[in-house]
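# Notes for the structure review
Listed below, chain by chain, are the residues.
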Amino acid sequence: WLANSHHPRLLHLFDRARNLINERREVLSIVTPEIGNGPFNLVVQTDLFFIQHLSLEASISTSAFQLNLGNLTIDTENATLWNPCPDWEMLHSKKDEIAKRLTQLPITNYFTQGGIDMPLAVASVPSTAPGLQSLVSDLSSALAAADISTAKDIASKLAGLGQGLTPSGDDFLMGALYAAWILHPREVASGLAQSVAESAAPLTTSLSAAWLRSAGRGEAGILWHQFFDALVSGGEIEIQNRVKNILAVGETSGADALAGFVGVFESRKIADSSVS
């Protein structure tokens, strides 16, 4: 991003994060250790408050190994690279165990037989949004069945639904794509996730599009890596703690994404039970 950005500009400024965007609408998030690793995060070592050191008008310049933000200079030449892709092959091999553990989580109380009941999920979308219940349920079913055509169509309708920098419909979709990566073999999941993400990304905010495209490539933030690790080898308390960490993201973003993730697994269980 640094080497290929010639006209970067500020997208958002928060206490512990600053989002930049370049001329190709690719996002770079400069974040503190408290936020941690992500698919397009540059994690600085100092736990500083950006809003105290930077202004919205601060100049931005880049080189291959350096980023200048106003009077702050970030040298990345010796940065440690982090792989944002979980071990999807391993997770896929344990998909049945993961599905079983998910049914034991309190989060599954938000789902009902035959569809998704969401007092928590997609919370920032008005309950009167036409067909919302049907959209999220049908998306979950399409992703569980690897039905690319249907999933793309529904994703384009969910894209941008809700308020905030990452609307709830997008958050739900991101979590659902993570489930698809686990449920399907890599070659199937890759084509499915990328196609669905690209159908939704142009229809939403720049930051949300960056998250969706990352999910389409099989990339996830550190909290999801920790959640997946816990689902495979952690105890019940550890899993619940990882769930709480995800639920704490944003006002509803973590909850919406987790609902999308669990919803696809729930749809798969319903489909399997109807066949048997």
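Our subject is the structure that appears above.
One structure accompanies this document, and this report is about it. Per chain, residue numbering runs from 1 following the sequence as it is written. In keeping with the predicted nature of the model, local features appear solely for residues at pLDDT of at least 70, side-chain atom pairs appear and are counted solely at 80 or more, and the whole-chain, interface and lining totals rest on all residues. Computation of side-chain values covers all heavy atoms of the structure but excludes hydrogens and water.

## Describing the overall build of the chain
Only runs of H or I of at least four residues qualify as helices and only runs of E of at least two qualify as strands under DSSP, and these elements are numbered from the N terminus. Scanning the chain from N- to C-terminus turns up eleven helices and nine strands. Three labels apply to residues, based on accessible area from a 1.4 Å probe with only protein chains included: buried if under 20% of the type maximum, exposed if over 50%, partly exposed otherwise in between. Relative to its full complement of 276 residues, the chain shows a buried share of 50%. Long-range pairs, those at least 24 residues apart, make up 61% of the contacts in the chain with a sequence separation of at least 6. For the chain, the computed accessible surface area is about 12900 Å², with 50% contributed by carbon and sulfur atoms. A contact between two residues is defined here by any heavy atoms of the two lying within 4.5 Å. The Shrake-Rupley method, run with a 1.4 Å probe, gives the accessible areas here. Residue values count only the displayed protein chains as cover.

## Some words on the environment of Leu143
By secondary structure assignment, the location of Leu143 is in helix 4 (residues 132-144). Between the C-alpha atoms of Leu143 and His184, which are 41 residues apart in sequence, the distance is 9.4 Å. When sequence neighbours within four positions are dropped, the list of residues in contact with Leu143 reads Ala151, Ala176, Leu177, His184, Leu192, Val196 and Val264.

## So, the pattern of salt bridges
We define a salt bridge as a side-chain nitrogen of Lys or Arg found within 4 Å of a carboxyl oxygen belonging to Asp or Glu. Overall, the coordinates contain nine salt bridges when judged by the stated rule. For the salt bridge of Glu89 with Arg186, the shortest nitrogen-to-oxygen distance reads 3.7 Å. Linking Glu89 in helix 2 (residues 88-93) with Arg186 in helix 7 (residues 186-200), this pair joins segments that are 97 residues apart in sequence. Classification of Glu89 as partly exposed rests on a relative accessible area of 45%. By relative accessible area, Arg186 is classed as partly exposed at 37%. For Lys269, the salt bridge identified is with Glu266, shortest N-O distance 3.5 Å. Linking Lys269 with Glu266, this pair stays in helix 11 (residues 253-275), spanning three residues, or about one helical turn. Residue classification places Lys269 among the partly exposed residues on the basis of a relative accessible area of 39%. In the salt-bridge network here, residues are joined through shared partners; they are Glu23, Arg24 and Glu26.

## Observations concerning the packing of aromatic side chains
Paired rings are identified among Phe, Tyr and Trp, the last through its six-membered ring, by centres lying within 6.5 Å, and are further divided according to the angle between planes into stacked (under 30 degrees), edge-to-face (over 60) and tilted (the rest). A full pass over the atoms with the stated rule returns 13 aromatic pairs. Where Trp224 meets Phe227, the ring centres are 5.8 Å apart and the plane angle is 75°; that geometry is what we call edge-to-face. Separated by three residues within a single helix, Trp224 and Phe227 lie in helix 9 (residues 222-233), roughly one turn from each other. Residue Trp224 is classed as buried on the basis of its relative accessible area, which comes to 7%. A relative accessible area of 0% means that Phe227 is categorised as buried.

## Some details on unusual backbone geometry
Despite not being glycine, Arg25 has its phi angle at roughly 65°, a positive value. Mapped onto the elements, Arg25 comes out in the loop between strand 2 (17-21) and strand 3 (27-31). Phi is positive for Ala146, close to 55°, though the residue is something other than glycine. With respect to the secondary-structure elements, Ala146 resides in the loop between helix 4 and helix 5 (148-158). On the basis of relative accessible area, Ala146 is assigned to the partly exposed category, the value being 26%.

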